[in-house]
Amino acid sequence: MGRIGVDLYPLQSGVSLADVTAFGKFLGGSPSNVAVAAARLGHRVAVVTRTGEDPFGTYLRRALREFGVDDRFVRAVAGLPTPLTFCEVFPPDDFPLYFYRQPTAPDLQIHASELDRDAIAAARIFWMTGTGLCEEPSRSATLAALACRSAGTTVFDLDWRPMFWSDPAAARPHYAAALAHATVAVGNLDEVEIATGEREPRAAARALLAAGVELAVVKRGPAGVLAMNRAGQSAEVPPLPVEVRNGLGAGDAFGGALCHGLLAGWDLERIMRYANAAGAIVASRLECSSAMPFPGEVASAVDAGVVS
């Protein structure tokens, strides 16, 4: 549940947007990319979101279906354009993002009254993001969706985007409300700090567990990933070596692979190694959604210990 939009990514690397002359058009938006990643790994997936009532919205719904993602919960919002996102590509670690979501985004206009609560309650995994909490009516709708959940796995992707909030301090109580309903929390160091006030990975993981989740996953970039669960188990896994082309979709591939491992009942270390491999594969490619790997690609990367 959450963000969707059109990614317009430059087909030239190391060039500022002021000088780019060619772009590729892709489905984007973090939770929508996670949905695609999970579908690529063989799962039945639907996304709850909104587009504009425009040709870009038509494109996104068609793209979801082509990727095997159910679009029955996707509607168009009259009067608002479908969001666009541009990036600049300066490998290995500089990928500035430019969001065009004014005056507001359709995916922030989901109302609680529109939710299919039975479908949300029945999902084996429900995935939501911090961006969905940044303004109304999406905030109330997201919390209402969380309140439907009494079984299965509920993942809170902390997804901190400072440009969507007027004040970072204003986010923490809303994050706390969502954490109380979640069973899994996933975030990088900036995101866990917003959620908990802690930046040291183990302290942040313990704080997330204390906030109510059963599994905390802290992504540490070049230092790999740390996972800790309420049973006292932990796993620290280094990243796979990879020549980075565009790092923006790696976290979404990680998320889809995390869902795959949780549904399979794997142990923590196996899940983290698999998710790291999926993320590394996407980091080696330009696009996000269409770059999501298939099972054989992830298995090969795990076995090789490197993305070739």
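Everything numeric in this text was worked out from a predicted model, so none of it was measured. (Residues numbered from 1 in each chain as written. Predicted model: local features only at pLDDT ≥ 70, side-chain atom pairs only at ≥ 80, totals over all residues. Heavy atoms only, no water.)

A. The packing of aromatic side chains, seen in detail. In total, this model carries 8 aromatic pairs according to the counting rule given. Geometry around F164 places R101 over its ring, the cationic atom sitting 4.8 Å from the centre. Positioned above the aromatic ring of W266, the side-chain terminus of R270 is 3.9 Å from the ring centre. (Phe/Tyr/Trp six-rings, centres within 6.5 Å; stacked < 30°, edge-to-face > 60°. Lys NZ or Arg CZ within 6 Å of the ring centre and 35° of its normal.)

B. Structural context of the environment of A178. For A178, the position within the fold is in helix α5 (residues 168-179). A relative accessible area of 0% means that A178 is categorised as buried. (Helix = DSSP H or I, 4+ residues; strand = E, 2+ residues; numbered from the N terminus. Buried < 20%, exposed > 50% of the residue type's maximum accessible area, 1.4 Å probe, protein only.)

C. Looking closely at the pairing of strand β12 (residues 215-219). The buried fraction of β12 is high, at 5 of 5 residues. Side chains L215, V217 and K219 of β12 all project onto a buried face; the interleaved residues A216 and V218 project onto the opposite face, where all are buried too. Two elements, strand β11 (residues 184-188) and β12, share 5 bridges in a ladder whose sense is parallel. Bridge pairing links G187 to V218 in β12. Here β12 folds back onto strand β13 (residues 225-229), and the loop between the two strands holds 5 residues, one of which, G221, carries a positive phi near 60°. (Pairing = 2+ DSSP bridges.)

D. Summary view of the state of the cysteines. In total, this model carries 0 disulfides according to the counting rule given. C288 supplies the cysteine sulfur nearest to C259, a cysteine that is in no disulfide, at a spacing of 17 Å. What makes C259 buried here is its relative accessible area of 7%. Its sulfur unpaired, C288 is 7.5 Å from the next cysteine sulfur, which belongs to C87. (Disulfide = S-S within 2.5 Å.)

E. Representation of the pattern of salt bridges. Under the criterion given, the structure shown has 13 salt bridges. Note that R199 is salt-bridged to D190, the shortest N-O span being 2.8 Å. Where salt bridges share partners, they join R3, D159 and R161 into one cluster. (Salt bridge = Lys/Arg side-chain N within 4 Å of Asp/Glu carboxyl O.)

F. Spotlight on the sheet that holds strand β2 (residues 23-28). Strand order in the open sheet formed by 4 strands is β2-β1-β7-β8, and the pairing between neighbours is mixed. Edge positions in the sheet fall to β2 and β8 (97-100), since each of these pairs with one other strand and no more. Sheet twist, expressed as the average angle between the axes of neighbouring strands with direction ignored, equals 25°. Alignment of strand β7 (residues 84-87) against β8, held across 4 bridges, turns out to be antiparallel. Considered in β8, the bridge of F86 is made with Y98. Running at roughly 65° to β2, helix α2 (residues 55-66) makes contact with β1 (5-10), β2 and β7 of the sheet. (Axes fitted to C-alpha atoms, helices over the stretch in contact; angles between N-to-C directions. Contact = heavy atoms within 4.5 Å.)

G. Summary view of the side chain of D7. Along the polypeptide, D7 turns up in strand β1. R3 provides the closest opposite charge to the buried, unpaired D7, separated from it by 7.7 Å. Of the polar contacts made by the side chain of D7, one reaches the side chain of Y9; its length is 3.2 Å. In this structure, D7 is in contact with G24, K25, F26, L27, G28, G29, T85 and C288, ignoring residues within four places of it in sequence. (Lys, Arg positive; Asp, Glu negative; His and termini not counted. Polar contact = N/O pair within 3.5 Å; in protein donor to acceptor, adjacent residues only side chain to side chain.)

H. How the structure looks around helix α6 (residues 189-196). Every buried residue belonging to α6 is among E191, V192, I194, A195 and T196, and all of these are buried. Looking at the packing, one finds that the buried side of α6 touches α5, β11, α7 (201-210) and β12. N-capping of α6 is provided by N188, with a side-chain oxygen placed 3.1 Å from the backbone N of D190. Backbone geometry just after α6 places G197 at a positive phi near 85°.

I. Representation of helix α4 (residues 138-147). Counting buried positions along α4 gives 7 out of 10 residues, so the element sits mostly inside the fold. Buried residues of α4: S138, R139, A141, T142, A144, A145 and L146, and no others.

J. Region of interest: the environment of T49. Locating T49 in the fold gives a position in strand β4 (residues 49-52). For the pair T49 and P103, spaced 54 residues apart in sequence, the C-alpha separation works out to 17 Å. Apart from the residues within four sequence positions on either side, T49 is in contact with G2, R3, I4, F73, V74, R75, D107 and I110.

K. Structural context of the nonpolar core. V69, V217 and M272 are the most contacted members of the largest nonpolar core, which totals 55 residues. Here this core gets 10 residues from one element, more than from any other, and that element is helix α9 (residues 268-283). Discounting residues that sit within four places of it in the chain, M272 has contacts with V217, V225, A227, V237, F254 and L258. Residues F99, A141, L158 and A205 belong to the second largest nonpolar core, which totals 41 residues. (Core = buried A, V, L, I, M, F, W, Y, C linked by side-chain atoms within 4.5 Å.)

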